[in-house]
Amino acid sequence: MMSSRPIIIVLILVLLTNGCAHKVDTPVPYDEMGETQISVTQSWTAKGKLLVTAQNTRQSLRFTWRHQVAGEDVITLSDTLGIKALVLHQRDGVLYERQPDQSLSKLQTHQLNKDLRAFASMASQDFARTLTGEVLPASDISSEVRSWQSVGGLDAPKTILLRSADIAVKVVVSHWKLENNAK
């Protein structure tokens, strides 16, 4: 079990190293983009890095998010060396943690420290929408796409900033892969 488990758990909810340390670009609103945007109505895999800043601490993590339109999402979070990993499964709006024996146990909000509970109150489907650059309805969490990239003729976020009152997460997506059923 990871010693920084609460922060790692939030990163999957946010999603969520080296690429996270650079100066961010000026935000580019999606309506200025010329192509179609990637969405949660497609199956895709996103890989990248997260930088979590909370109470004067910073932690970098790697993530892989495999989104399936018909099925469960599988989110893997690991330390920067890829030695320790936390695997989460999202099924029907519920988030589960994969145990060492490969069984799944429901992730409980009380497992998170108080700074991270705002993220836990957000539906996991909303996190997938945030990762694709969709604007969320009013929430305690704000999201902003700072830069975009082209993936198979679609626009996809490259850098996303997520913020709540006590925590900020910078997501840098280094690789998108569209699955067979994607447009």
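Just so we're clear, the structure is a prediction, and the values are computed from it rather than from any experiment. (Residues numbered from 1 in each chain as written. Predicted model: local features only at pLDDT ≥ 70, side-chain atom pairs only at ≥ 80, totals over all residues. Heavy atoms only, no water.)

**Some words on the nonpolar core**
- Ranked by internal contacts, the top residues of the largest apolar core, which has 29 residues, are Phe63, Trp65, Leu131, Val171 and Trp176.
- When residues of this core are traced back to their parent elements, those giving at least two are strand S2 (44–54), strand S3 (57–67), strand S4 (73–78), strand S5 (85–91), helix H3 (124–131), strand S8 (142–151), strand S9 (154–163) and strand S10 (167–178). (Core = buried A, V, L, I, M, F, W, Y, C linked by side-chain atoms within 4.5 Å. Buried < 20%, exposed > 50% of the residue type's maximum accessible area, 1.4 Å probe, protein only. Helix = DSSP H or I, 4+ residues; strand = E, 2+ residues; numbered from the N terminus.)

**Some remarks on the packing of aromatic side chains**
- Here the structure, examined in full by the defined rule, presents two aromatic pairs.
- With centroids separated by 6.5 Å and ring planes inclined at 40 degrees, the aromatic side chains of Trp44 and Trp65 adopt a geometry described as tilted. Of this pair, Trp44 sits in strand S2 while Trp65 sits in strand S3; the two residues are 21 residues apart in sequence, bridging distant segments of the chain.
- Relative to Trp176, the ring of Trp44 has its centre 5.1 Å away and its plane inclined at 70 degrees; by these criteria the two rings are edge-to-face. Here Trp44 is found in strand S2, whereas its partner Trp176 is found in strand S10, with 132 residues between them in sequence.
- What makes Trp44 buried here is its relative accessible area of 0%.
- An aromatic cluster is defined as three or more aromatic residues linked by ring pairs; in this entry it consists of Trp44, Trp65 and Trp176.
- Positioned above the aromatic ring of Tyr96, the side-chain terminus of Arg91 is 5.8 Å from the ring centre. (Phe/Tyr/Trp six-rings, centres within 6.5 Å; stacked < 30°, edge-to-face > 60°. Lys NZ or Arg CZ within 6 Å of the ring centre and 35° of its normal.)

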